[in-house]
Amino acid sequence: MVGKAYRQTPVFRGSLSYLEINPTWTVPPTILKQDVLPAIKRDPAYLRTRNMSVIDRRGRQVDPATIDWQSYGSSIPYILRQEPGPNNALGEIKFIFPNKHFVFLHDTPSRSLVARAERTFSSGCIRVENPFALAELIMNDPARYDRAALEGIRDTRQTQRIDTPKLPV
C-alpha cells in the first residue's frame with residue numbers, strides 16, 4: 001500500500017540499512033497537525049486507547065491528562081510516541097532506508113486493507129503485505145534469521161534493531 005492522493009508516496013531511491021521488530025512510532029508533524037491533535041481534542045482517551053506516550057523535550061513521559069490540549073493550535077511542545085504492539089501504526093516490523101522524505105517500508109495492523117483493489121491508504125510510507133517473509137529474504141541468513149527466529153523476536157514485544165546485510169555496490 002502507498003500514500004493517499006493527498007499524501008502521496010514520493011518516488012526516490014535508497015539503500016536498506018536496518019529493520020526494526022516491535023517498532024515504536026513517533027507521530028510525524030503532518031499527521032500530528034492534521035489527524036492526531038484534532039482527535040485528541042475530540043476524545044481525551046485517544047492516546048490511552050492507542051497505547052501512546054507523551055514525551056517532553058527532556059525525554060520524560062508526561063501524563064496526558066495534565067495537558068490542556070485545547071490550548072494548542074497546529075503544533076505541541078511534545079513528542080507523541082506509540083508503543084510497540086500489534087496495533088502499532090507500523091505493525092510489528094519496519095524496514096529503514098534513510099532518506100530525506102522519512103519514508104520507509106512497514107507492516108500494518110490494518111491487514112484487511114491489503115485485500116482491496118485500491119491500495120492508497122498510507123500517509124506516505126509503503127505498507128508491506130507479508131513483512132516477515134520479506135525480512136527473511138532480506139536477511140538471507142537462515143541459521144540466524146529464519147521466519148521462526150524473526151517471529152520469536154516479535155513475540156518478546158521488545159523493540160530490536162537488526163542491521164541488514166550490506167550488498168556489493
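A short tour of the structure in this document, coming up. (Residues numbered from 1 in each chain as written. Predicted model: local features only at pLDDT ≥ 70, side-chain atom pairs only at ≥ 80, totals over all residues. Heavy atoms only, no water.)

Although it is not a glycine, Asn51 sits at a positive phi angle of roughly 55 degrees. As for its position among the elements, Asn51 is in the loop between helix H2 (46-49) and strand S4 (52-55). With a phi close to 65 degrees, Arg157 is a non-glycine residue in the positive phi region. Here Arg157 shows up in the loop between helix H4 (147-156) and strand S11 (160-163). (Helix = DSSP H or I, 4+ residues; strand = E, 2+ residues; numbered from the N terminus.)

Right, let's talk about the environment of Asn87 for a bit. Along the chain, Asn87 turns up in the loop between strand S6 (79-82) and strand S7 (93-96). A relative accessible area of 64% means that Asn87 is categorised as exposed. In sequence terms Asn87 and Arg50 are 37 residues apart; their C-alpha atoms lie 7.5 Å from each other. (Buried < 20%, exposed > 50% of the residue type's maximum accessible area, 1.4 Å probe, protein only.)

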